[in-house]
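# Structural features, examined
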Amino acid sequence: GDSSSGGQTLSSQKTIRSILVAGSLNVDTFLPISRFPSSGENLTLLPNTHPLVDVPGGKGCNQAIACAKLSSSTQQTQQEILRVAFLGQFGNDSASQILQSALTSNNVNINLCGKSKQHPSGRGYVMIVPDSGEVSAVISPGSNFYGWSKWGVKNPTDNDQQRATALLTDDEIKQMISPHSLLQLQCEIPDLVNKRLASAANKLNIPVILDVGGEDRHMDRELLQCCDYLIPNETELERLAGHYTDDYGDERQQGDDKIETTVQQAIDEIQPLIGQSLHVPTLLQHARRLQKNGANNVLITLGSHGSLLVKKDVSSVLYQPSCPLPPGSRVVDETGAGDCYRAGFAVALLQQQCGSSKDVSDDDEILLHCMKFGSAAGALAVTKEGAVPSIPTLDDVKALSANGEAAMKCIPRGGADDDAFPFMFGSRINSMKDRLDLVSDSSPMSSPRDWLRRQATIRGLGCVDFNYPQHFHDWDAKEAKQALDEANLVAGAVCLRYPSTFARGAMNHPDPKLRREAIEITKQAAEVAKILGCSKVVVWSAYDGYDYPFQVDYKDKWNQIVEAFQECCDAYPDIKWSLEFKPTDENTRFFTVPSTGAAMLLLKDIDRDNMGLTLDMGHMLMAGENPGQSIAMVGDKLFGIQLNDGYTRLAAEDGMMFGSVHPSLALEAMYQLRQIDFKGHLYFDTFPQRSDPVKEAEYNIQRVKDFWNAAGRMSKSELERIASEHDAIGALELVNQSLREC
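Residues numbered from 1 in each chain as written. Predicted model: local features only at pLDDT ≥ 70, side-chain atom pairs only at ≥ 80, totals over all residues. Heavy atoms only, no water.

### A short note on empty space enclosed by the protein
Tallying each qualifying case throughout the model produces four cavities of 30 Å³ or more. A volume near 140 Å³ is recorded for the largest cavity. Ser541, Asp544, Ile561, Leu579 and Glu580 are, among the 15 residues lining the largest cavity, the residues nearest its centre. Here the lining of the largest cavity is built from residues that sort into 10 nonpolar, two polar and three charged. Around the second largest cavity, the lining comprises 13 residues; the ones closest to its centre are Ala493, Val538, Thr614, Gly640 and His681. (1 Å grid on protein atoms, 1.4 Å probe; cavity = no way out; pocket = protein on both sides within 12 Å on 5 of 7 lines; lining within 4 Å. Points joined across faces, edges and corners; volume = space filled by probe spheres on them. Nonpolar A, V, L, I, M, F, W, Y, C, P; charged D, E, K, R; others polar.)

### Structural notes on the packing of helix H12 (residues 364-381) against helix H13 (residues 394-401)
Between H12 and H13, the least distance of the axes is 9 Å, while the angle of their chain directions is 115°. You can see that H12 and H13 cross each other, and the crossing is right-handed. Residue-level inspection shows Lys372, Phe373, Ala376, Ala377, Ala379 and Leu380 of H12 in contact with H13, the latter providing Leu394, Asp396, Val397, Lys398, Leu400 and Ser401. A breakdown of the residues in the contact of H12 with H13 according to their chemical character gives eight nonpolar, one polar and three charged. (Axes fitted to C-alpha atoms, helices over the stretch in contact; angles between N-to-C directions. Helix = DSSP H or I, 4+ residues; strand = E, 2+ residues; numbered from the N terminus. Left-handed = near helix turned anticlockwise from the far one by under 90°. Contact = heavy atoms within 4.5 Å.)

### Side note on the packing of aromatic side chains
Evaluation of the coordinates by the stated rule reveals 14 aromatic pairs. Summarising the aromatic geometry, the rings of Tyr546 and Phe590 are spaced 5.3 Å apart at their centres and angled 10° between planes, so their arrangement reads as stacked. You can see Tyr546 sitting in strand S21 (residues 545-546) and its partner Phe590 sitting in strand S23 (residues 590-591), a full 44 residues away along the chain. Overall, Tyr546 belongs to the buried group, its relative accessible area being 16%. Residue classification places Phe590 among the partly exposed residues on the basis of a relative accessible area of 44%. One aromatic cluster in this structure is built from Phe466, Tyr468, Phe472 and Trp475. (Phe/Tyr/Trp six-rings, centres within 6.5 Å; stacked < 30°, edge-to-face > 60°. Buried < 20%, exposed > 50% of the residue type's maximum accessible area, 1.4 Å probe, protein only.)

### Topic: the pairing of strand S11 (residues 182-187)
Judged by how many residues are buried, S11 sits mostly within the fold: six of six residues are covered. The two faces of S11 match: Leu182, Gln184 and Gln186 on one face and Leu183, Leu185 and Cys187 on the other face are all buried. Across four bridges, the pairing between S11 and strand S12 (residues 208-214) is parallel. Each bridged residue has a counterpart across the sheet, and for Leu183 the counterpart in S12 is Val208. Regarding the hand of the β-α-β motif, the stretch spanning S11, helix H6 (residues 191-203) and S12 is right-handed. (Pairing = 2+ DSSP bridges. Right-handed = clockwise from strand over helix to strand, strands pointing away.)

### Let's talk about the pattern of salt bridges
In the structure shown here, the tally under the stated rule is 22 salt bridges. A salt bridge links Lys523 to Glu567, with the shortest nitrogen-to-oxygen separation between them at 2.9 Å. Residue Lys523 is located in helix H16 (residues 512-532), and its partner Glu567 is located in helix H17 (residues 554-571); the two are separated by 44 residues in the primary sequence. Residue class for Lys523 comes out buried when judged on its relative accessible area of 13%. As a salt-bridge pair, Lys582 and Asp585 come within 2.5 Å of each other at their nearest N and O atoms. Taking the relative accessible area as the measure of exposure, Lys582 reaches 5% and is therefore buried. Each of the salt bridges in this network shares a partner with another, and the network as a whole consists of Lys59, Asp211, Asp339 and Arg342. (Salt bridge = Lys/Arg side-chain N within 4 Å of Asp/Glu carboxyl O.)

What follows is the structure, given as C-alpha cells:
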C-alpha cells in the first residue's frame, strides 16, 4: 500500500491499518484514602485496605492498550484490520518487564520502543477516594523524560557517551512512522519528540491527535499546527490558552462575522445543556485563541458534561453529551477515563476513515459518532480501579454508545432525544402557551395539539402528561396518541383537572350525584390513559377541602376520598393511581389531604397495592416539609415526582426552575430518589410566563442531571459518619462540595 496513507494490503484483500501511540508508561501505586490531605497533613489509608502496587499506567501505555482493546473484536470478518504499535522508553528496572508484558499481552507492538540504561521506569503515586472515584497523583517521569537522547533531547545528567550518540534523522523518523495510519501523542514525553513525530506525520498526511494532558508547559506553534486534533480537558484548555495571546496571525482573522455567528449560536444552544458549572463562552474563547495561534480542531473533554469540538476556523461547533453509566454501575476510579475517551475517539476516527473515500474531518456526523464512542469508553473506565484494568471491551463500548444522549451540531431544536438517563422527562404542556412571541412560524398555538407540537422541540423531553378532561375537548385520546407518535413522544400520565362544576368538591362534593360524577370522570381518565399507552393516573383536586372551621365533617370527607379511591383502584387494577396533595390553594384554603404524613395515612386506609403518591416539590415546601425527608418517608409508594422550586411565601406556588431557590434541598431530593430506587418519570411543574418555555424545560433537564450526578458522587462513608454524629457542619461542607460540581 501507499505509505502516505498508512495502509498495507493482505493477499485476502483485507487492509491493515495501524495506530501508532507515542508516549509515557508508568507503574502506578494506588493509595485508598477517605479524602485528600490538606497542606502539611498526614493521613493513613482507609481501614482494611492496602496499597495497590505495580499497576501498569501512564498516558501512552493506557491509550495504546485502550486502542488495542477497542479495535480487536470481530476483526476476522472485517475488510479493515486495525493494529496498534507503541513508541516509548522503558526503564532499567524490573518495572519495565511489567510494562512490556502489559503491552504485548494486549497485542500492542513494542518493536519501536527503546530502553534507557541510565534511568528507571516512570512511576505514579495515585491517591484515590473510593467512594467518589476522585484521584490526585504525583508522577516520577524517569525514562519517559530522560530516555530520549537519541531523539536529540538534552538531559543535564547525560554523560559524554550519551551526548555522542548518533541522532535519529528526520528521514529515519518518517520511515519509522510511515506504515501507520494515525499518530496519537500526549504531553508526558519531551515536546521535541512530539514535534519531530508530528512534523513527520504531517509530511506523510497521517492524522495526528495530541492529548494535552500531562505537564503544564508552553507548546510552540509548530507543534500546534502539526496536530489535526488537540484534546484538552477544560482545565488544560485554560492553562494552555494562557500561554498565548489573541492577536497572533492577522491573516487568520478573515471571516470573523461568520465565526461570531457560529460562536453565538453554539453558546445559545449548548449552554442550557451543559448547565451553569461550565461557561461555554469562555471555553470557546480559549479554543479560538489556540486556533489563532496555529491549532486546528480543538476537542474539549468536559467530564460528566460531555465533550465539545470546535472545528478548524470555527466552521462549526459540535457537542456530545456524556454517556451515562450502565444501570447498577458507579464511579470507582476516574484515573483512566480521559485516556479511554481519547483512545475511543482515535479508533472510531480511523475506522470511519477506513470506510470513507473523503476526509472524515469534514463530516460532522462522523465526528459526533467518534465523540460518542469516546464518551462511552471513558464512562465505562470509571467503573473499575486502575487505569489499565479499567479499560473496557469493544463490545461493552458499542453497547453503551448505542444508547446515550443524542449529539448536537448547533442546529435549530427539534424532536426529543433518545435519552439514556435513568428517567424520562416530561414538562407542563400548558406552559407552551407562554411567550408565543418566540414561536418562529405563523401556525396557531391555541390547542393541546399545537402545544404538543411545540413541546416536541424541547431537547431531551421524552413524555407528556395530559390533563383530563381539560385537554380533551377538541380531540379524543386516539388522536392524541397519534400526535404523540408523530412527535416521537409517549404519554407519561393522565392528571385529573376537575371542571369548575365541582367548585364545592369533587370526591368530597356534598351532592351525592356530583360526587358520583366526579368518580366517573376519574375512571374515564384511566380509560384515556390506556388508549394513550400509559399506566398512571394522578389525582389532584383543586376543590376537595374547605375554607373555614366547622365548615365540613373531617372524618366524613376523609372516608369519602378513601372509598372513591378504593373504587377506582378496584375497577382498574392495572392502573397506578396516585394522589397529589397540596396544603392550600386560592380555590381551597385547607385541603382534606394537606401533607405527606396525611397522605401516607390515606394510603394505609385505602389499602390497595396500585395506590401511591405523587409528590410536588412546591407543594412540599408550602407544607413546610423537607422534600428529601418526604421522599424517604413515602419510599416505594412514590409513583410520581413533580419538580420545581419556590420562595415559599404564604400560600404561594411559584413554579420556579428546579434548584433555583433551594439547591441544597434539590440535591437531597435527587439523593433520596436514588435511595428509594425511584422508577417513575420526572415531571416539571413550572410556570415560565415571562421566560422561553422551551429553553426553561431544557435548562430544567440539564440541572436535574447535574444534581443527580452530584448526588451519585457523594461519599457514602462520609454521609454515614455525618448521620451517625448529627454533624451539621460536615453536612453543609459536603453539600457545598457537591453543589460546586453541579
